[in-house]
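So the chains spell out like this:
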Amino acid sequence: MEYNIHDAKANLSKFIVQAIEDKEVVISKAGKPVIMLV
């Protein structure tokens, strides 16, 4: 899933759990991917 920086600030704990469950989490800034949690 891809999320923006605002979503990441509000939901980082949830995104870490998703990464632990082998789900790829991409965080984007201005529409460009900048961080991938795996």
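Within each chain, residue numbers correspond to sequence positions counted from 1 in written order. pLDDT decides what is reported in this predicted model: residues at 70 or higher carry local features, side-chain atom pairs at 80 or more are listed and counted, and totals for whole chains, interfaces and linings draw on all residues regardless. Excluded from the side-chain calculations are hydrogens and water; all other atoms, namely the structure's heavy atoms, are used.

Colleague: Just checking my understanding: could you explain a nonpolar patch on the surface for this structure?
Modeller: Note that patches include only residues with greater than 30% relative accessible area and no salt bridge, and the join distances are 9 Å for like charges and 5 Å for nonpolar side chains (Val, Leu, Ile, Met, Phe, Trp, Tyr). Note on areas: Shrake-Rupley with a 1.4 Å probe; residue coverage comes only from the protein chains shown. When a carboxyl oxygen of Asp or Glu is within 4 Å of a side-chain nitrogen of Lys or Arg, the pair counts as a salt bridge. Together, Ile5, Val34 and Ile35 make up an exposed nonpolar region whose accessible area comes to about 230 Å². Along the chain, Ile35 falls in strand E3 (residues 32-37). Buried residues are those whose accessible area, probed at 1.4 Å on protein chains only, stays under 20% of the maximum for their type, while exposed residues exceed 50% and partly exposed ones sit between those limits. The class for Ile35 is partly exposed, based on a relative accessible area of 42%. A run of DSSP states H or I qualifies as a helix once it reaches four residues; a run of E qualifies as a strand once it reaches two. Both are numbered from the N-terminal end.

Colleague: Can you help me understand helix H1 (residues 5-20) in this one?
Modeller: Given 3.6 residues per helical turn, the α-helix brings residues three or four places apart onto the same face. Helix span is expected to be 1.5 Å times the residue number reduced by one. The terminal C-alpha atoms of H1, which comprises 16 residues, lie only 20 Å apart, well short of the 22 Å expected from a rise of 1.5 Å per residue. Bend at a given residue is defined as the angle between two axes, one fitted to the seven residues that end at that position and one fitted to the seven that begin there. Largest kink in H1: about 90°, centred on Asn11. Listed in full, the buried residues belonging to H1 are Ala8, Phe15, Gln18 and Ala19. By definition, residues are in contact when any of their heavy atoms lie within 4.5 Å. Those residues of H1 that are buried lie in contact with strand E1 (2-4), strand E2 (25-29) and E3. Regarding H1, its N-cap is Asn4, as a side-chain oxygen of that residue lies 3.0 Å from the backbone nitrogen of His6 further along. Asp22, located one to two residues past H1, shows a positive phi value of around 65°. Here a polar contact is taken to be a pair of N or O atoms separated by no more than 3.5 Å, where protein atoms must pair a possible hydrogen donor with a possible acceptor and residues adjacent in sequence count only if both atoms sit in side chains.

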